[in-house]
Amino acid sequence: VRKQCPQLLSLQIDAAINPGNSGGPVFDGNQRVVGVARAQISGAQNVGYIIPVSVLLMFLRQYQRGNDSVFPGVASVGIAAVQNLESECLRQRLGLKPEHSGGIRVAQVNALGPCKGLVEKGDVLVAINGAAIAEDGSVSLRESERIGASYLTYNLPLGETCMLSLVRQGVDLQVEITTAVDKRLVPVWDGLDCYPSYLVVGGLVMVPLTVPWLLDKYGSKSAVPTVFGAQLHSELTRVGDEIIVLSKVLAHDMNFGYHNTPCGIVSEFNGEPVVNLQQLLKQIKSTTSPYVDFSIATDTSSSNVHISLDLEECKRNEESILGQHAISSAADLCGTKETSVH
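For clarity, every value in this text was computed on a predicted model and none was experimentally measured.

Draft legend 1. Just empty space enclosed by the protein, in detail. Applying the stated criterion across every chain, the model contains two cavities of 30 Å³ or more. Around the second largest cavity sit V200, G202, G203, E318, I321 and L322, which together line it. Element by element, the count of residues in the lining of the second largest cavity is highest for helix α7 (residues 311-324), at three residues.

As structure tokens, this is what we get:
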């Protein structure tokens, strides 16, 4: 979970965590549980990381509120980006008064987030559940220690109310938000907000862009091509939208010349924008054109790559392409299989 949500607190310790220790309890000098062993740094001596009690309690509280065994995700209030307010000029411009000693500017609100319509871009967030936020975006953790303000919301269970203290054009406001999972254009949780889905037409394998697919394909986020990396933090502005990717071109005579086409974003089908995989399947099934044309955005070309296939050839060769590559169905949309895409 922490790989996809780095804001969750993690503690570094100087005790060795050996293979097999992960998941075990970690005790302090008074034999109190302070967390769960998580990982070690390969090649380093006595450097390990643990999941602290605050994060464990968030998980436990979430399970107590839920009706199934699937962890639904990490809570959010729907503020996508903030800006520190250390500039006195900017503070005055936003209507902050001398009694407002801290606060951060709301730079972006998620279009489908829980605070949409309640919090506005340009508002100043001064406190969360009464905890004051400093102008550098930090909040008090314990004694002289401080941590990022998002810590306050990520430790809440989903569906719990959260009180935001705001200043809007010099006026103090109190806004109550019910926490929810952030909706992302590129999903991150396999089995939660994304499921294995694909569509094969003429040997072209297309899938939704997800973080699990990227990590499986490239190994790490740092190795992801720019054409995909630029989309990782894109906001979902309309329910159902997906980024569709040309994942692979299966070897077959009918798509000769396209075998070396790199992975890229499928932006258009027969001149129409591609919204999601389900819609693309409908477009293919209903097309009256003798050709299936795809426009692909890749890292290797400044302009989109164009792929054109003969529709009748696609129909005739569909069964042999699937059989040759041991693929059971032409499409699988979150468990709903299609024997043919035509």
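Draft legend 2. View of the pairing of strand β20 (residues 291-297). Of all seven residues in β20, five are buried; the element is thus mostly enclosed. The pairing of strand β18 (residues 264-269) with β20 spans four bridges and is classified as antiparallel. Looking at the pairing, V266 lines up with I296 of β20. Of the pairings in the sheet, the one linking β20 to strand β21 (residues 305-310) comprises six bridges and is antiparallel in character. For Y291, the partnering residue across the bridge sits in β21 and is D310.

Draft legend 3. Representation of the layout of surface pockets in the model. Here the second largest pocket defines a volume of roughly 410 Å³. The wall of the second largest pocket is formed by 21 residues, among which P187, D193, G240, D241 and E242 lie closest to the centre. In the lining of the second largest pocket, the residues fall into 11 nonpolar, four polar and six charged.

Draft legend 4. A look at the pairing of strand β10 (residues 138-142). Across four bridges, β10 lies against strand β11 (residues 145-148) in antiparallel orientation. Bridge assignment links R142 to a residue of β11, and that residue is E145. Hairpin remark: β10 followed by β11, antiparallel, with two residues in the connecting loop; positive phi at E143, about 45°.

Draft legend 5. A look at the side chain of T261. As for its position among the elements, T261 is in the loop between β17 (244-249) and β18. Residue T261 is classed as buried on the basis of its relative accessible area, which comes to 17%. A distance of 2.8 Å separates the side chain of T261 from the backbone oxygen of Y258, its partner in a polar contact. With sequence-adjacent residues up to four places away left out, T261 is seen in contact with L246, V249, V305 and I307.

Draft legend 6. Representation of unusual backbone geometry in the model. Although it is not a glycine, Q169 adopts a positive phi angle of roughly 50°. Within the secondary structure layout, Q169 lies in the loop between β12 (161-168) and β13 (171-178). The residue C334 is not glycine, and still its phi comes out positive at about 55°.

The rules behind the values
Residues numbered from 1 in each chain as written. Predicted model: local features only at pLDDT ≥ 70, side-chain atom pairs only at ≥ 80, totals over all residues. Heavy atoms only, no water. 1 Å grid on protein atoms, 1.4 Å probe; cavity = no way out; pocket = protein on both sides within 12 Å on 5 of 7 lines; lining within 4 Å. Points joined across faces, edges and corners; volume = space filled by probe spheres on them. Helix = DSSP H or I, 4+ residues; strand = E, 2+ residues; numbered from the N terminus. Buried < 20%, exposed > 50% of the residue type's maximum accessible area, 1.4 Å probe, protein only. Pairing = 2+ DSSP bridges. Nonpolar A, V, L, I, M, F, W, Y, C, P; charged D, E, K, R; others polar. Polar contact = N/O pair within 3.5 Å; in protein donor to acceptor, adjacent residues only side chain to side chain. Contact = heavy atoms within 4.5 Å.

Distances and angles like these do not, on their own, reveal function.
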